[in-house]
Amino acid sequence: MASTPPPASSPQAPPKPTWDPRRPVPPFPWLRPTIRIRLTLLYGGMFLIAGIMLLSIIYLLAANALNVGSDLPFRILVGQVSSDVCNLRSAELPADELNRALNQCVNEQRQHALDDLLSRSLLALLGLAVIAFAFGYAMAGRVLSPLGRITRTARAVAGSDLSRRIELDGPDDELKELADTFDDMLERLQRAFTAQQRFVGNASHELRTPLAINRTLLEVHLSDPDAPVELQQLGKTLLATNERSEQLVEGLLLLARSDNQIVERGPVDLAEVAGQAIDQVHAEAESRHVVFRGERRPAVVQGNGVLLERIALNLVQNAVRYNVPEDGWVEVTTEVQHGQAVLVVSNTGPVVPGYEIDNLFEPFRRLRTERTGSDKGVGLGLSIVRSVARAHGGHIYARPREGGGLVMRVTLPI
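Since the model is a prediction, treat every value here as computed from it, not as a measurement.

1. Details of the overall build of the protein
Here comes step 1: Broken down by element type, the protein carries seven helices and seven strands.
Here comes step 2: Traced from its N-terminal end to its C-terminal end, the protein shows the element sequence α-α-α-α-β-α-β-β-α-β-β-α-β-β.
Here comes step 3: Expressed as a percentage of the 414 residues in the protein, the buried residues total 35%.
Here comes step 4: For the protein, long-range pairs separated by at least 24 residues make up 73% of all intrachain contacts whose partners lie at least 6 apart in sequence.

2. Observations regarding the confidence of the model for the protein
Here comes step 1: For the protein, per-residue confidence averages 77 on the pLDDT scale, and 77% of positions sit at 70 or higher.
Here comes step 2: Counting interchain partners and residues more than four positions distant, the pLDDT-below-50 stretch residues 1-25 has 48 contacts.
Here comes step 3: When the criterion is pLDDT under 50, residues 369-375 qualifies, and its contacts beyond four places in sequence or with other chains add up to eleven contacts.

3. Focus: the environment of Thr241
Here comes step 1: Summarising the element assignment, Thr241 is placed in helix H4 (residues 229-258).
Here comes step 2: What makes Thr241 partly exposed here is its relative accessible area of 45%.
Here comes step 3: With 26 residues separating them in the primary sequence, Thr241 and Arg215 have C-alpha atoms 9.8 Å apart.

4. Brief notes about a nonpolar patch on the surface
Here comes step 1: A cluster of nonpolar side chains, Leu42, Tyr43, Met46, Phe135 and Met139, forms an exposed patch at the surface whose accessible area comes to about 510 Å².
Here comes step 2: Listing elements by their share of the nonpolar patch, those giving two or more residues are helix H1 (35-66) and helix H2 (95-159).
Here comes step 3: Broken down by element, the nonpolar patch gets its largest block of residues, three residues, from H1.
Here comes step 4: Within the fold, Phe135 resides in helix H2.

5. Details of the packing of helix H5 (residues 270-287) against helix H6 (residues 305-321)
Here comes step 1: At a minimum axis separation of 8 Å, H5 and H6 run at an interaxial angle of 35 degrees. Crossing of H5 against H6: the hand is right-handed. For the pair H5 and H6, contact is made by Val273, Ala274, Gln276, Ala277, Gln280, Val281, Glu284 and Ala285 and by Gly305, Leu308, Glu309, Ala312, Leu313, Val316, Gln317, Val320 and Arg321, respectively.
Here comes step 2: Looking at the contact of H5 with H6 residue by residue, the class counts come to ten nonpolar, four polar and three charged.

6. Regarding the packing of aromatic side chains
Here comes step 1: Scanning the model with the defined rule gives zero aromatic pairs in all.
Here comes step 2: Taking the ring centre of Trp329 as reference, the NZ or CZ of Arg293 above it sits at 3.7 Å.

7. Some thoughts on the environment of Leu48
Here comes step 1: Tracing the backbone through its elements, the reader meets Leu48 in helix H1.
Here comes step 2: When its relative accessible area of 31% is taken as the criterion, Leu48 is described as partly exposed.
Here comes step 3: Sequence spacing of Leu48 and Phe133 is 85 residues, and the spatial spacing of their C-alpha atoms is 9.3 Å.
Here comes step 4: Beyond its immediate sequence surroundings of up to four residues, Leu48 is in contact with Leu125 and Ala129.

8. Let's talk about the sheet that holds strand S2 (residues 290-293)
Here comes step 1: Within the open sheet, the five strands sit side by side as S2-S4-S5-S7-S6. Their pairing is mixed. Both edges of this open sheet fall to S2 and strand S6 (395-400), since each of them pairs with a single strand only. Taking the axes of each pair of neighbouring strands and ignoring which way they run, one obtains an average angle of 15 degrees across the sheet.
Here comes step 2: In this sheet, strand S7 (residues 406-413) lies alongside strand S5 (residues 340-347) in antiparallel orientation, the contact comprising seven bridges. In the strand pairing of S7, Ala341 is matched with Leu412.
Here comes step 3: Sheet strands touched by H6: S2, strand S4 (328-337), S5, S6 and S7. Its angle to S5, the strand with the most contacts, is close to 20 degrees.

9. So, helix H7 (residues 381-391)
Here comes step 1: Burial of H7 is extensive: eight of the eleven residues sit out of reach of the surface.
Here comes step 2: Residues of H7 that are buried: Leu382, Ser383, Ile384, Val385, Ser387, Val388, Ala389 and Ala391.
Here comes step 3: Immediately downstream of H7, the backbone of Gly393 shows phi near 80 degrees, a positive value.

10. Some words on H5
Here comes step 1: If you check H5, its first and last C-alpha atoms are 26 Å apart, about what 18 residues at 1.5 Å a residue would give, namely 26 Å.
Here comes step 2: The largest bend in H5 comes to about 50 degrees, at Val281.
Here comes step 3: Considered for burial, the residues of H5 that qualify are Leu270, Ala271, Val273, Ala274, Gly275, Ala277, Ile278, Val281 and Ala285.
Here comes step 4: For H5, the N-terminal capping position is held by Asp269, with its side-chain oxygen 3.1 Å away from the main-chain nitrogen of Ala271.
Here comes step 5: Immediately downstream of H5, the backbone of His289 shows phi near 60 degrees, a positive value.

11. Quick look at the nonpolar core
Here comes step 1: Counting residues in each nonpolar core, the largest one holds 40 residues, and the members touching the most others are Leu270, Ile311, Leu315, Val332, Leu343 and Val410.
Here comes step 2: For this core, the secondary structure elements donating two or more residues are H5, H6, S4, S5, H7 and S7.
Here comes step 3: Sort the elements by how many residues they give to this core and H6 lands first, with nine residues.
Here comes step 4: Each residue touching Val410, except ones within four places of it in the same chain, is listed here: Ile311, Leu315, Ala341, Val342, Leu343, Ala389, His395 and Ile396.
Here comes step 5: Of all hydrophobic cores here, the second largest spans nine residues; its members include Leu162, Leu168, Ala179 and Leu186.

12. Details of empty space enclosed by the protein
By rolling a water-sized probe across the atoms, one finds the places where empty space is left.
Here comes step 1: Here the structure, examined in full by the defined rule, presents one cavity of 30 Å³ or more.
Here comes step 2: Listed by contribution, the elements that provide at least two residues to the lining of the largest cavity are H5, H6 and S7.
Here comes step 3: When residues of the lining of the largest cavity are assigned to their parent elements, the largest contribution, three residues, is made by H6.
Here comes step 4: Classifying every residue of the lining of the largest cavity gives eight nonpolar, no polar and no charged.

Rules behind the numbers
- Residues numbered from 1 in each chain as written.
- Predicted model: local features only at pLDDT ≥ 70, side-chain atom pairs only at ≥ 80, totals over all residues.
- Heavy atoms only, no water.
- Helix = DSSP H or I, 4+ residues; strand = E, 2+ residues; numbered from the N terminus.
- Buried < 20%, exposed > 50% of the residue type's maximum accessible area, 1.4 Å probe, protein only.
- Contact = heavy atoms within 4.5 Å.
- pLDDT = per-residue confidence, 0-100.
- Patch = residues over 30% accessible without salt bridge, like charges linked within 9 Å, V, L, I, M, F, W, Y side chains within 5 Å.
- Areas by Shrake-Rupley, 256 points an atom, 1.4 Å probe, with all protein chains shown as cover.
- Salt bridge = Lys/Arg side-chain N within 4 Å of Asp/Glu carboxyl O.
- Axes fitted to C-alpha atoms, helices over the stretch in contact; angles between N-to-C directions.
- Left-handed = near helix turned anticlockwise from the far one by under 90°.
- Nonpolar A, V, L, I, M, F, W, Y, C, P; charged D, E, K, R; others polar.
- Phe/Tyr/Trp six-rings, centres within 6.5 Å; stacked < 30°, edge-to-face > 60°.
- Lys NZ or Arg CZ within 6 Å of the ring centre and 35° of its normal.
- Pairing = 2+ DSSP bridges.
- Expected span 1.5 Å × (residues − 1).
- Bend = angle between axes of the 7 residues up to and from the residue.
- Polar contact = N/O pair within 3.5 Å; in protein donor to acceptor, adjacent residues only side chain to side chain.
- Core = buried A, V, L, I, M, F, W, Y, C linked by side-chain atoms within 4.5 Å.
- 1 Å grid on protein atoms, 1.4 Å probe; cavity = no way out; pocket = protein on both sides within 12 Å on 5 of 7 lines; lining within 4 Å.
- Points joined across faces, edges and corners; volume = space filled by probe spheres on them.

So, in structure tokens, the structure goes:
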């Protein structure tokens with residue numbers, strides 16, 4: 001009987017950005033080479049160069065007009081000359097020496113005038129340069145204000161709200177064209193994420209229902225004590241296959257949901273979810289002779305408790321299942337470091353080459369194999385862990401442990 005698909009859920013938030021929104025702020029943010037600073041330096045530098053060239057031209061023209069170093073256009077033949085500026089003793093000097101003294105005095109006054117013109121012009125140029133840089137900074141900010149609006153909208157979209165639009169007003173220039181293009185892209189992204197959410201909801205219903213029916217029918221047949229041994233063995237095989245298909249479907253749906261930002265958040269202690277994960281895997285660990293150790297300190301984050309528990313459970317399960325046959329251990333620690341909550345899961349196990357670490361986080365990829373036909377899982381555990389961590393604004397890092405095994409480190413913002 002065909003089932004009725006559930007109503008499409010409302011569109012949720014887009015994926016969280018992979019960069020860390022809590023990256024440390026530089027000690028001098030105003031020294032960051034932003035476009036505004038570079039435009040200011042460009043405007044001010046061009047004004048400064050033009051002012052220096054203009055000052056040089058004025059200085060050369062003034063020097064040429066004053067004829068510094070040339071003789072006077074007249075000569076004294078008879079008479080007396082007195083001056084308050086030059087130290088002349090005209091009554092005691094012959095005419096030739098008097099003319100030389102006058103030339104020297106006038107040239108000194110010309111040079112003094114040029115020096116005074118240069119010093120005053122440099123001071124004026126310095127003041128105008130300060131005004132030019134301030135004016136250029138203000139004008140650059142006004143010109144780049146649409147870019148700031150685009151950036152703020154992009155941050156809001158990347159954070160939580162895909163419905164935001166720039167809707168930039170003003171002249172039909174390059175910035176408005178960029179804003180309109182960005183709005184069109186957001187519109188398409190919103191439609192894509194809405195379609196994805198609708199598909200996930202429909203797939204969740206359409207795939208789970210037949211698998212649940214198959215499991216129920218197989219369990220009913222297996223409960224019949226009069227069933228032949230061959231049918232019971234076949235039923236167990238089919239039931240295991242069906243269970244594996246259910247795990248695969250649940251993993252795919254969880255992976256699709258965890259790629260979106262977490263809307264419903266609350267305080268979650270990583271130490272608590274790690275303890276619950278250990279409790280769930282404890283029986284399997286005992287059967288594989290694996291012991292748990294490690295200190296779990298309180299590390300409270302804002303997030304979804306179910307998904308964060310999935311992070312711890314997947315990591316702990318992998319650490320137990322991919323371990324050494326005898327005397328293995330799994331160390332689970334939680335703490336707060338540098339303003340971030342940290343969950344570390346390390347274990348003994350086979351030696352893992354460093355170049356294969358990245359492949360472990362890809363769906364359906366395992367160490368030295370791409371097949372999923374293993375009883376250890378469906379190959380989605382670490383992919384789900386990475387998606388959930390990104391949805392919470394965090395990261396996961398893996399490195400080989402010396403002697404074999406892995407060290408998984410999850411960091412989440414507090």
